[in-house]
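# Remarks on the overall topology
Here is what each chain is made of, one letter per residue.
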Amino acid sequence: MIQFERVSKRYEEGHDALREISLEIARDELVFLTGHSGAGKSTLLRLIMLMDRPTRGKVRVDGRDLSTIGSRGIPLHRRQIGVVFQNHQLLYDRNVFDNVALPLVIAGYDQREIGRRVRAALDKVGLLARERALPVTLSGGEQQRVGIARAVVGRPRILLADEPTGNLDPNLSAEIMSLFEAFNQVGVTVLIASHDLALISRLQHRIITLRDGQLMGGAA
Amino acid sequence: MAAGPAPRREGASASRARLADRYRAWRDHHSLSAADSLRRVLASPGSSLLTWLVIGIAMALPAALGIALDNARNVSGSWDSPAQISLFMQASVDEASAAELQQSLSLRGDVESAQLIPRDAALREFAELSGFADVVANLDENPLPNLVLVVPAAGVDPAVLRAEFADLAQVDQAVLDMAWVQRLNNIMELGRRLVLALGGLLVLGVVLILGNTIRLAIESRRDEIVIVKLVGGSNAFVRRPFLYTGLWYGVGGGAVAALLVLAALYFLDGPVSNLARLYQSGFTLQGIGLIGSLQLVLLGGFLGLAGAWLAVSRHLGAIEPR
């Protein structure tokens, strides 16, 4: 589903974020991406999201070489990927329902379908009762679950998460991870960047390790 | 639910349906953006009112001047065919033969009217109006010639006619007095251009003011724009609400401009009709009317869109997820 072929990313200031990365993530797989901060985890996710372009090498998503996607194609590309951020990236002037509905509004679903799907997604993350709440009235764990609902509401085939448990206590973190596992079980390719080794080594999934932009293990 | 691969729809009918879906989604988002932008504009009535006033005043100024100019043209319109040829008779031509000439001239197709002013009548009038009655009374003989005033028919070049009349045997001198008409026309043209230049500058000002207002709106919603782009919002999607915001500011400004012009006309109407009555003229002030008001609102909306487009194309592209 996701392939990196000898991908390097050098930022303009000369910092090498990724060096010659080759890896492959299969459909239906859940993979953890770990490493110290600055090891290149976020850069790798950014390349998949087309927030950045690689300096060298090829990134393929669902068989498609991302270098063939021009700037006009980026929105469509992003619509097939759900993303969860460490800092949630919610719209704080809109309620939970509207936040989760955003990808569907963008994709142009009609109101009834939006209502149905948003409630299903909120149900999945256990926030159905809070659909009218504003994000600021929610706890950190709840805000993260709103972010997850928004990421999956468009039924993406790929789910990316950048430190989704970064600010959460261990119990909440485990809860969030089991949500990701549930989505993976219904066929979504999941890639989670996390430095919480204690948590992710307990879960039985492949772990890709990065150090200073280089692959240390788990690439196969 | 809420997971699993999105089903792929294929086939001609499906793609037609999707085209219809996409059109409906596009239309829905337009009405959604329009309503949401209007709500945001109305949510801060104080600053929105200020923006409307600034735009309204900037648009009302050239609009009012233009109306003033139109009115001035209406006034001068009644003098629009004042080209009058004065035919001064030879001293040897007496009143009877001057009257004969006047008769024959007034029958011509290229002459609107011809009027005889006999030399005696002219002298009397001069004595009365000039206050030199005593001097005139002391004159041995009347120094004034008989005079025939000719008004050319519409569409006839008065200069050609004057040249023709100058060659008549009875005529000593044929004078076409058009200088003051030309002066007036030049003054009107000058006024028109001044209004155009001022209008152009103020229109540019309106576009820049709106552009700046929209720029601030974009800045204040930067986080939102980033998030929308991250979850797959296209540039058009992000742009839309801001274009509508510009439209609402512009339309409101145009409406304010129309109201200001109406108020100014109402304010001036009394004195103007008094003045017209004193001059025994039927002149009334021409307003902007419904069409003119709508045009102002329309122009405002157009300028609003232009300003928003300027801001959006300059600033929105720079906001990308980092």
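Given the structure is predicted, the values throughout are model-derived calculations rather than measurements.

## Focus: helix H9 (residues 235-278) of chain B
Residues three or four positions apart in an α-helix share a direction because the helix packs 3.6 residues into each turn. For H9 of chain B, with 44 residues, the first-to-last C-alpha span of 63 Å sits near the 64 Å given by 1.5 Å per residue. Of all the bends in H9 of chain B, the greatest reaches close to 40° and is centred on Asp 269 of chain B; the proline Pro 271 of chain B follows between one and four positions later.

## Notes on the side chain of Thr 213 of chain B
Residue and element names in this part refer to chain B. Along the chain, the position of Thr 213 falls in helix H7 (residues 179-220). For Thr 213, a relative accessible area of 18% puts it in the buried group. Each residue touching Thr 213, except ones within four places of it in the same chain, is listed here: Thr 51 and Tyr 249.

## Side note on the domain arrangement of chain B
Entries for chain B in the domain assignment read domain 1 (33-78 + 191-318) and domain 2 (85-177). The gap between the C-alpha centroids of domain 1 of chain B and domain 2 of chain B is 56 Å.

## Some thoughts on the UniProt feature "transmembrane region" (unreviewed entry) in chain B
Residue and element names in this part refer to chain B. As recorded in UniProt, the sites labelled "transmembrane region" (unreviewed entry) are residues 49-69, 194-214, 247-268 and 288-312. In residues 49-69, helix accounts for 100% and strand for 0%; the two terminal C-alpha atoms are 29 Å from one another. The span residues 247-268 is 100% helix and 0% strand, and its two end C-alpha atoms sit 31 Å from each other.

## With respect to the sheet that holds strand E4 (residues 56-61) of chain A
Residue and element names in this part refer to chain A. Reading across the sheet, the 4 strands line up as E2-E1-E4-E5 and stay open at both edges, with antiparallel pairing between neighbours. Where the open sheet ends on each side, the last strands, each with one partner, are strand E2 (16-25) and strand E5 (64-65). With 5 bridges joining them, strand E1 (residues 2-10) and E4 adopt antiparallel strand pairing. Residue pairing in the sheet places Ser 8 in a bridge with Arg 56 of E4.

## Topic: the packing of H7 of chain B against H9 of chain B
All names here are of chain B. Relative to each other, H7 and H9 sit at 140°, their axes nearing to 10 Å. Classified by the angle their axes make, H7 and H9 are oblique. Handedness of the crossing formed by H7 with H9: right-handed. Every residue of H9 that contacts H7 at Leu 210, Thr 213, Ile 214, Ala 217 and Ile 218 is listed here: Phe 242, Thr 245, Gly 246, Tyr 249 and Gly 250. For the contact of H7 with H9, the residue count by class is 6 nonpolar, 4 polar and no charged.

## Focus: unusual backbone geometry
Among all residues save glycine, negative phi is the norm, and among peptide bonds the norm is trans. Residue and element names in this part refer to chain A. Although it is not a glycine, Glu 163 adopts a positive phi angle of roughly 50°. Here Glu 163 shows up in the loop between strand E7 (158-162) and helix H6 (170-185). Glu 163 gets classed as buried once you look at its relative accessible area, which sits at 8%. Even without being a glycine, Asp 212 presents a positive backbone phi close to 50°. Mapping Asp 212 onto the fold places it in the loop between strand E9 (206-211) and strand E10 (214-217).

## Thoughts on the sheet that holds strand E3 (residues 147-152) of chain B
Residues and elements named next belong to chain B. Judged by pairing direction, the sheet is antiparallel, and its 4 strands sit side by side in the order E2-E3-E1-E4 without closing on themselves. Bordering the open sheet on either side are strand E2 (111-117) and strand E4 (171-176), each of which pairs with just one other strand. Going across the sheet, the axis of each strand differs from the next one's by a mean of 20°, ignoring polarity. Sitting on the sheet, helix H3 (residues 95-106) touches strand E1 (85-89), E2, E3 and E4, and the angle it makes with E2 is about 170°. Here helix H6 (residues 158-166) sits on the sheet and contacts E1, E2, E3 and E4; the angle it forms with E4, its principal contact strand, is near 170°.

What counts, and at which threshold
- Residues numbered from 1 in each chain as written.
- Chains lettered and ligands numbered in written order.
- Predicted model: local features only at pLDDT ≥ 70, side-chain atom pairs only at ≥ 80, totals over all residues.
- Heavy atoms only, no water.
- Helix = DSSP H or I, 4+ residues; strand = E, 2+ residues; numbered from the N terminus.
- Expected span 1.5 Å × (residues − 1).
- Bend = angle between axes of the 7 residues up to and from the residue.
- Buried < 20%, exposed > 50% of the residue type's maximum accessible area, 1.4 Å probe, protein only.
- Contact = heavy atoms within 4.5 Å.
- Domains from an automatic or database assignment.
- UniProt positions renumbered as here; feature names shortened; annotations may be inferred.
- Pairing = 2+ DSSP bridges.
- Axes fitted to C-alpha atoms, helices over the stretch in contact; angles between N-to-C directions.
- Parallel < 35°, antiparallel > 145°, perpendicular 65-115°, else oblique.
- Left-handed = near helix turned anticlockwise from the far one by under 90°.
- Nonpolar A, V, L, I, M, F, W, Y, C, P; charged D, E, K, R; others polar.

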